[in-house]
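This is what each chain is made of:
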Amino acid sequence: MPETDDVILELKDITKAYSGIVALKKADLKLRRGAVNVLVGENGAGKSTMMRIIAGVERPTLGEIWMDGERIQLNSPADAVRHGIGIVFQELNLFGNLSVAENIFATREITRGLRGIDHKAQVEKANEFLNRLEAGISADTLAEDLPIGQQQLVEIARAVSLDTRILIMDEPTSALSAAEVDVLFRVIADLKARGVAIVYISHRLEELMRIGDYITVLKDGQITGHAMVKDIDTRWIVRSMIGSDAKDFAKQVEHEPGEEVFRTENICLPRAQGGYAVDHVSIGVRKGEILGIYGLMGAGRSELFECIMGRHEHYTGKIFVEGDELKGRDTTRRIREGLALIPEDRQREGLVQSMSIADNLSMASLGQFLKAGFHIDLKLEKSAIMEAIRNLSIKAKNPDFDVTSMSGGNQQKVVIGKALMTGPKVLLMDEPSRGIDVGAKADVFRTMRRLAGEGLAILFSTSDLEEVMALSDRIAVMSNGRLVTVVDRRDATEEMIVSASAEGHKTKRMHA
Amino acid sequence: MTTATQTAATGNHLSTGAALLTLMKLRTFIALFAVIIFFSIFAPNFLSTANMILMSKHATQNAFLAIGMTFVIITGGIDLSVGSIVGLCGMIAGGLIMYGVALPLGYTVYFNIVEVAIIVMVVGILIGAINGLLITRLNVAPFIATLGTLYVARGMALLYSDGQTLPNLTGREDLGNQGFSYLGSGSILGLPVSVWILIVVALGAAYFARFVPLGRHIFAVGGNERASRMSGIRVNRVKMFVYMFSGFCAAIVGLIISSELMASHPATGTNLELNAIAAAVLGGTSMSGGRGTIGGTIIGAFVIGILSDGLVMMGVSSFWQMVIKGLVIIVAVVVDQAQRRLQQRVTLMQMAKAG
Ligand SMILES: Nc1ncnc2c1ncn2[C@@H]1O[C@H](COP(=O)(O)OP(=O)(O)OP(=O)(O)O)[C@@H](O)[C@H]1O
Ligand SMILES: [Mg+2]
């Protein structure tokens, strides 16, 4: 393989140990200038750990870091910034109580001497970066008011604005849909042309093939493969990642859906700025049916799910489960009535970071393990937890470890497991495959199929076209809050779905 | 830990690290033994039965408050009002015994001791409920809400008797309200009654935290309120509960102190909330919520109780006592941090061994 010597940063023999786990074992990595260096590996392989070391967030237990032929120490994120290293973390890292502009310029505020921060200039410059990403975000909104996809764009804008020599992107597109990914790739190409070394991590293999130049495979904390992207295909990636070919998740168990168990009528959620986030959505799901909801960012899928779970005080419309209308606006009651939601934002809404893996799994379903009405039977609980861990192949060495000690993808599986353990009649899954590797995706999809086969009604949202085509019995397309169309999978074509998903957006983009 | 199978030569380093780690995990326990050993050498009569009983009584008071405080802190809150609730509840107990409750038409109702105790506990729970309502319904920050009730309750305790002590709570035979002293001075099988009550409450709380859904939810709410809500946990109900329980614990302490002294003084319990917080933190409760154990808290309460009593017995000035107490709390937290770092190193050594 032709190896250019244009190496900007090199990790040598890096080992990183956490309590009870060794995340990296003598790993070497070379990052090349003006190239996209792709890093792949299963959930928990050590990708994020390696990146956190380069970004100065974690210190390697053993090993050396070399930059431009000199050994360097990265003891803090500030050190890394000084060496021209920027990162988009896998988990969102914004100050929710600050504006987008303030987030982008945090720690390097634009000041006017003694008169303090020049907010106007910050907003203007921030808008410039955001426009480059075609984010459609105004820089003076509060970060916490943005949906997760847009928050991810803000993170990217911040990293790009740093003007770094090395830019690490740890799953930057996990909450983005196709349109935003295209824009991001244009920005990456531009950075590449300017000689920036880019590190790109993603579980979406076709993205890697499109954007990557060099690819490095990590397995259980060790480097197991290295190649140029032009010499390989996705099968090579899968094989070197999990050691075998991908399991086929599309295999359908044919069964006829039963009667309708879930229906919404005219769900409306007004937006604060006027207009509707969810615009008169009426939709029904039958027993044993998987309904995929496709849409681009801002289509209103998450908001629809939140209305169904009673999260929003001021939505209107009716929701029925097995023909009974659900009253009130109370999430606890909705869960008792047979609904469950896997939220999109696992850190803020899915996990309790201070609790163990086991406690996170069982926290929503403790009522099922009761004796005498109040006493939790620990044995019963434990066996249910172990079953969930097995069913979803969660990589948990010990269920009593903290949930944050697991890799991002495994945390996602815990959130899925928690919802499944409540034994719902209707399951709402908001981007359930966010951040999980190909093998795990197959596990989750097989679980979804099995549950549908057992009579569960599933609504899942996704921005992944392939996924929605492969997994759904019926496909609904949402755009700008409206339900544009619902088609049977057998009648659906990709073109049809893509054009439907863009319908409401065209007019909106022009306004923006 | 797999130290058993290792040869002495290679396993030496590792087992030192592992042993140190175990030591650190047991640090609250070790602190407890350390203070006991230290004072049994340097404080005369420290190990005498009489002194032991006296000290356990003092520590018990801290422990009750600290149990309530632990739950509150685990939810991510704080309860500054417990010391004042102790004072107010003590005054109400004294008032009920001495004066009863005056009804219109000139009647006065007197309650027997059990009824008095129940009324006082209900008052404690109600004050806790007020804290809870302020925090959940009116969205007042816990620090502010309970700071407010701290002043209000203390003021009410002072108003109750115009600042005077209610002495001689022996009750009267004709009113059938004698026997108040049993709570503070009685003993069963050689252990003070208050210690027995503590054992019951502590075991109950520990059981509750592990085996009852509401108890588990306390940890979830403190760890991530939003995720708890999305998982169907009734967050407000959990918070109401912890403040009410904290009020209940404070009421018990109010009863015990009045009973011990056979008098109620409106300033009783001043600053006890700080002891309770210190005991919880010493026992490993995280001030940022989500983590803590009842067992740790009890040990923490005893460390603080024994430390203050021991220093008094050694004749250390009360100014120095404060300095030492402060240092102990700081050291405890520092050790907590050191433990995390050490844990990493031990893992690495274990890995190196495994190859
Ligand atoms: N703070 C921590 N404490 C203990 N263990 C940790 C910690 N962070 C990561 N680990 C462990 O290190 C290993 C590597 O995790 P890492 O997050 O790097 O995986 P990843 O390759 O990024 O996976 P994913 O694709 O799921 O994001 C995992 O086994 C994880 O459990
Ligand atoms: Mg990761």
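Keep in mind that what you see is a predicted model, and the values were worked out from it rather than measured. (Residues numbered from 1 in each chain as written. Chains lettered and ligands numbered in written order. Predicted model: local features only at pLDDT ≥ 70, side-chain atom pairs only at ≥ 80, totals over all residues. Heavy atoms only, no water.)

Asker: What am I meant to see in the coordination of the magnesium ion (ligand 2) here?
Answerer: Around a metal, the perfect tetrahedron of four donors has angles of 109.5 degrees, and the perfect octahedron of six donors has angles of 90 or 180 degrees. Residues and elements named next belong to chain A. Coordination sphere of the magnesium ion (ligand 2), protein contribution only: Ser48 (OG) and Gln90 (OE1), at 1.9 to 2.1 Å. Here Ser48 is found in helix α1 (residues 47-54), whereas its partner Gln90 is found in the loop between β6 (85-88) and α3 (100-104), with 42 residues between them in sequence. We classify Ser48 as buried; its relative accessible area is 15%. (Donors = N, O, S within 2.8 Å, 3.2 Å for Na, K, Ca; no water. Helix = DSSP H or I, 4+ residues; strand = E, 2+ residues; numbered from the N terminus. Buried < 20%, exposed > 50% of the residue type's maximum accessible area, 1.4 Å probe, protein only.)

Asker: Explanation requested: a nonpolar patch on the surface in the structure shown.
Answerer: Residue and element names in this part refer to chain B. On the surface, a cluster of nonpolar side chains totalling about 1000 Å² of accessible area is made up of Leu20, Leu23, Leu26, Phe29, Ile30, Phe33, Ile37, Phe38, Ile41, Phe42 and Met314. Here the nonpolar patch takes seven residues from helix α2 (residues 27-42), the largest share from any one element. With respect to the helices and strands, the residue Ile30 is situated in helix α2. You can call Ile30 partly exposed: its relative accessible area is 36%. (Patch = residues over 30% accessible without salt bridge, like charges linked within 9 Å, V, L, I, M, F, W, Y side chains within 5 Å. Areas by Shrake-Rupley, 256 points an atom, 1.4 Å probe, with all protein chains shown as cover. Salt bridge = Lys/Arg side-chain N within 4 Å of Asp/Glu carboxyl O.)

Asker: Explain the nonpolar core here, please?
Answerer: Within soluble globular proteins, side chains that are nonpolar generally end up buried alongside one another. Residues B:Leu65, B:Ile67, B:Phe71, B:Val120, B:Phe180 and B:Ile218 are the most contacted members of the largest nonpolar core, which totals 77 residues. With 13 residues, helix α11 (residues 235-261) of chain B is the largest single contributor of residues to this core. Discounting residues that sit within four places of it in the chain, B:Leu65 has contacts with B:Val82, B:Val86, B:Cys249, B:Ala250, B:Val253, B:Leu272 and B:Ala276. Listed in part, the 50 residues of the second largest apolar core include A:Met169, A:Leu176, A:Leu184 and A:Ile242. (Core = buried A, V, L, I, M, F, W, Y, C linked by side-chain atoms within 4.5 Å. Contact = heavy atoms within 4.5 Å.)

Asker: Looking at this structure, how should I read the pattern of salt bridges?
Answerer: Any two side chains of opposite charge can pair if their charged atoms end up close together. Residue and element names in this part refer to chain A. Summed over the entire model, instances satisfying the criterion amount to 39 salt bridges over all chains. Across the pair Asp182 and Arg210 runs a salt bridge, and its minimum N-O distance is 2.9 Å. Separated by 28 residues along the polypeptide, Asp182 in helix α6 (residues 178-193) and Arg210 in helix α7 (residues 205-211) bring together distant segments of the chain. Using a relative accessible area of 52% as the deciding quantity, one classes Arg210 as exposed. Note that Asp488 and Arg490 form a salt bridge whose closest N and O atoms lie 3.3 Å from each other. Looking at Asp488, the relative accessible area reads 27%, which means it is partly exposed. Counted as one network, the salt bridges with shared partners bring together Asp6, Arg33, Asp68 and Arg165.

Asker: What exactly am I supposed to notice about the interface of chain A and chain B here?
Answerer: With 40 residues of chain A in contact, the opposing surface of chain B contributes 27 residues. Of the roughly 2800 Å² buried between chain A and chain B, counting both surfaces, carbon and sulfur atoms make up 58%. There are four salt bridges connecting chain A and chain B. A salt bridge links A:Glu381 to B:Arg216; the nearest nitrogen and oxygen atoms lie 2.8 Å apart. In this structure, the connection of chain A to chain B is made through 13 residue pairs in polar contact (both at pLDDT 80 or more). (Buried area = accessible area lost by both parts, 1.4 Å probe. Polar contact = N/O pair within 3.5 Å; in protein donor to acceptor, adjacent residues only side chain to side chain.)

Asker: It is not clear to me how the UniProt feature "transmembrane region" (unreviewed entry) in chain B should be interpreted in this structure. Could you clarify?
Answerer: Residue and element names in this part refer to chain B. Residues given the UniProt feature "transmembrane region" (unreviewed entry) here are residues 29-47, 59-78, 85-103, 109-133, 140-160, 180-209, 240-257 and 318-335. Annotation note: span residues 85-103, helix share 79%, strand share 11%, distance between end C-alpha atoms 25 Å. Annotation note: span residues 240-257, helix share 100%, strand share 0%, distance between end C-alpha atoms 26 Å. (UniProt positions renumbered as here; feature names shortened; annotations may be inferred.)

Asker: Mind showing me how you'd approach the environment of A:Thr447 here?
Answerer: All names here are of chain A. Its place among the elements puts Thr447 in helix α15 (residues 438-453). On the accessibility criterion, Thr447 (6% relative accessible area) is buried. Each C-alpha atom, one on Thr447 and one on Val229, is 32 Å from the other, the two residues being 218 residues apart in sequence. Look past the residues within four positions of Thr447 in its chain and what remains in contact with it is Asn391, Leu392 and Leu420.

Asker: Mind showing me how you'd approach the site of ligand 1 here?
Answerer: Residues and elements named next belong to chain A. Taken together, the neighbourhood of ligand 1 is formed by 20 residues, with Gly44, Ser48, Thr49, Ser405 and Gly409 sitting nearest. The separation between an oxygen atom of ligand 1 and a polar main-chain atom of Ala45 is 3.2 Å. The contact in question runs from an oxygen atom of ligand 1 to an N or O atom on the backbone of Gly46, over 2.9 Å. Here ligand 1 has 630 Å² of accessible area as a free molecule, and 86% of this is covered by the chains. A total of four residues in the shell around ligand 1 trace back to one element, the largest contributor, which is α1. Of the residues contributing to the shell around ligand 1, the split by class is five nonpolar, 11 polar and four charged. Lining the shell around ligand 1 are residues from two domains, each supplying at least three of them: domain 1 (7-242) and domain 3 (348-423). (Near = heavy atom within 4 Å. Nonpolar A, V, L, I, M, F, W, Y, C, P; charged D, E, K, R; others polar. Domains from an automatic or database assignment.)

Asker: Help me understand the domain arrangement of chain A in this model?
Answerer: Much of the literature gives interface size as the accessible area that the parts lose upon coming together. Residues and elements named next belong to chain A. Taken as a whole, chain A is organised into domain 1 (7-242), domain 2 (246-338 + 426-435 + 457-512) and domain 3 (348-423). If you average the C-alpha positions of domain 2 and of domain 3, the two centres end up 26 Å apart. At the interface, eight residues of domain 2 touch six residues of domain 3. Here domain 2 and domain 3 share one salt bridge between them. Of the charged contacts in the structure, one is a salt bridge between Arg311 and Glu349, with a shortest N-O distance of 3.1 Å. Our enumeration of links across domain 2 and domain 3 arrives at two residue pairs in polar contact (both at pLDDT 80 or more). Residues that form the side of domain 2 that touches domain 3 fall into these classes: three nonpolar, one polar and four charged.

Asker: Whenever I open this one, a negative patch on the surface confuses me. Can you help?
Answerer: Residues A:Glu206, A:Glu466, A:Glu494 and A:Glu495 make up a contiguous surface patch of negative charge. For A:Glu495, a relative accessible area of 60% gives the class exposed. (Lys, Arg positive; Asp, Glu negative; His and termini not counted. Charge placed at Lys NZ, Arg CZ, Asp CG, Glu CD.)

Asker: Just checking my understanding: could you explain the sheet that holds strand β4 (residues 62-67) of chain A for this structure?
Answerer: Paired through their backbone hydrogen bonds, the strands of a sheet run either parallel or antiparallel. Residue and element names in this part refer to chain A. The strand order across the open sheet built from four strands is β2-β1-β4-β5, with neighbouring strands paired in antiparallel fashion. Two strands lie at the open edges of the sheet, namely β2 (21-32) and β5 (70-72), each paired on one side alone. Taking the axes of each pair of neighbouring strands and ignoring which way they run, one obtains an average angle of 25° across the sheet. Bridge analysis of strand β1 (residues 7-18) against β2 gives eight bridges, and the strand direction is antiparallel. Of the residues in β2, the one forming a bridge with Val7 is Arg32. Contacts between α1 and the sheet are confined to β1, β2 and β4, with β2 contributing the most and set at about 65° to the helix. (Pairing = 2+ DSSP bridges. Axes fitted to C-alpha atoms, helices over the stretch in contact; angles between N-to-C directions.)

Asker: I tried to follow the state of the cysteines on my own but got confused; where do I start?
Answerer: Defined simply, a disulfide is a covalent bond joining two cysteines at their sulfur atoms. Residues and elements named next belong to chain B. Within the structure shown, the criterion is met by zero disulfides over all chains. Free cysteine Cys249: the closest other cysteine sulfur is in Cys89, separated by 11 Å. The buried category is assigned to Cys249, whose relative accessible area is 0%. (Disulfide = S-S within 2.5 Å.)

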